[in-house]
Amino acid sequence: MRLRILGTAAGGGLPQWNCACPGCSRARAAGPAVWRTQECLAVSASPDAWYLVNASPDIRPQILASPELAPPGGTRRTPLRGVLLTDGELDHTTGLLALREGAALDLFAPAAVVAALTEDFPLRSLLAPYGAARWQTLAGELRLDDGRLRVSVIPVSDKRPRYAAGSSRPGPWVVAYRFDDTVTGSAAVYAPSLARWPEELAAALSGARCAILDGTFWSEDEMERMTGHGPGARAMGHLPITGAGGTLARLRGHTDTRWFYTHLNNTNPAADPASRERSLLTSALVEVAADGREIHL
Ligand SMILES: [Zn+2]
């Protein structure tokens, strides 16, 4: 199985266009080499069948930077077969608008998200005249790539996107995924939004050689400390890395798994490679993924 981490920032990216917090200012001064595009993953068990997890607003440059996602010479045939959404957030779905040039993609999302993208933020009907997207509601295990890639859905939470805040549709609204290559036996877990640590996640991590997790916030009160306002990390749908109940403590004891953080908010000090926080993660054998990071399992 191959993974390419296309984007590693939370909504807004790093730097965010309208922000000069310490993280955004440092990134702006350092230049594009350290910038982060918005979170997105590509996964594949065979070279001509790639699947995206989420479609970020940065999807076009992300795809262009990934040679394995290019169409074979002389064709208009993309190796991209589909997109799995973890939720209906704008920074995970608006990239679908940039993938409308006739590709027949399979789009998978939880039922509540498909309904929200049909009614509250009607991407589905907006895209319908442009291509042959096949929307599918997640229900249990999926088999993609002619059965080779098994996808398990891990319900995470019922956090709704702001545009559907008043929706009474039952969840889950946010999910994570485990991918199993049924030929090689390798497995990976992708969980970029963790409002809590569900039982099912602990089970899914068992035997996974790689896990890419929600690294949005370093600490619970980071938004307030860095920007002077803003709710806590959990209220925004993300367990922080550190502090009581943080994700870092969960990783101990899983020594056979390679750990990565993604979906970093621009306030997260660990986004800076020279930071004390980054050193702490490195010494805990946890990597902060950079855009374009490739993982072969
Ligand atoms: Zn900022």
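Refer to the preceding data block for the structure.
Residues numbered from 1 in each chain as written. Predicted model: local features only at pLDDT ≥ 70, side-chain atom pairs only at ≥ 80, totals over all residues. Heavy atoms only, no water.

> Is there a simple way to explain the coordination of the zinc ion in this structure?
Tetrahedral coordination by four donors sets the ideal angle at the metal to 109.5 degrees; octahedral coordination by six donors sets it to 90 or 180 degrees. Those protein atoms acting as donors to the zinc ion are Cys 19 (SG), Cys 21 (SG) and Cys 24 (SG), and they sit at 2.3 Å. Donor residues binding the zinc ion come from one chain and are separated in sequence as C-x1-C-x2-C. Across the pair, exposure class does not vary: Cys 19 and Cys 24 are buried alike. (Donors = N, O, S within 2.8 Å, 3.2 Å for Na, K, Ca; no water. Buried < 20%, exposed > 50% of the residue type's maximum accessible area, 1.4 Å probe, protein only.)

> Explain the environment of Lys 159 here, please?
Here Lys 159 shows up in the loop between strand S8 (149-157) and strand S9 (174-181). Looking at Lys 159, the relative accessible area reads 29%, which means it is partly exposed. Distance from Lys 159 to Ala 133, taken between C-alpha atoms, is 26 Å for residues 26 residues apart in sequence. A polar contact is formed between the side chain of Lys 159 and the side chain of Glu 89, at a distance of 3.3 Å. (Helix = DSSP H or I, 4+ residues; strand = E, 2+ residues; numbered from the N terminus. Polar contact = N/O pair within 3.5 Å; in protein donor to acceptor, adjacent residues only side chain to side chain.)

> Is there a simple way to explain the sheet that holds strand S6 (residues 134-137) in this structure?
As a general point, the strands of a sheet are linked pairwise by backbone hydrogen bonds and lie either parallel or antiparallel. Taken together, 7 strands build an open sheet; the order of strands is S6-S5-S4-S3-S2-S1-S14 and the sheet is mixed. Of all strands in the sheet, those bounded by a partner on one side alone are S6 and strand S14 (293-296). Sheet twist, expressed as the average angle between the axes of neighbouring strands with direction ignored, equals 20 degrees. As judged from the 5 bridges shared by strand S2 (residues 40-46) and strand S3 (residues 49-53), these two strands associate in the antiparallel manner. (Pairing = 2+ DSSP bridges. Axes fitted to C-alpha atoms, helices over the stretch in contact; angles between N-to-C directions.)

Remember that the coordinates give geometry; whether it matters functionally is a separate question.
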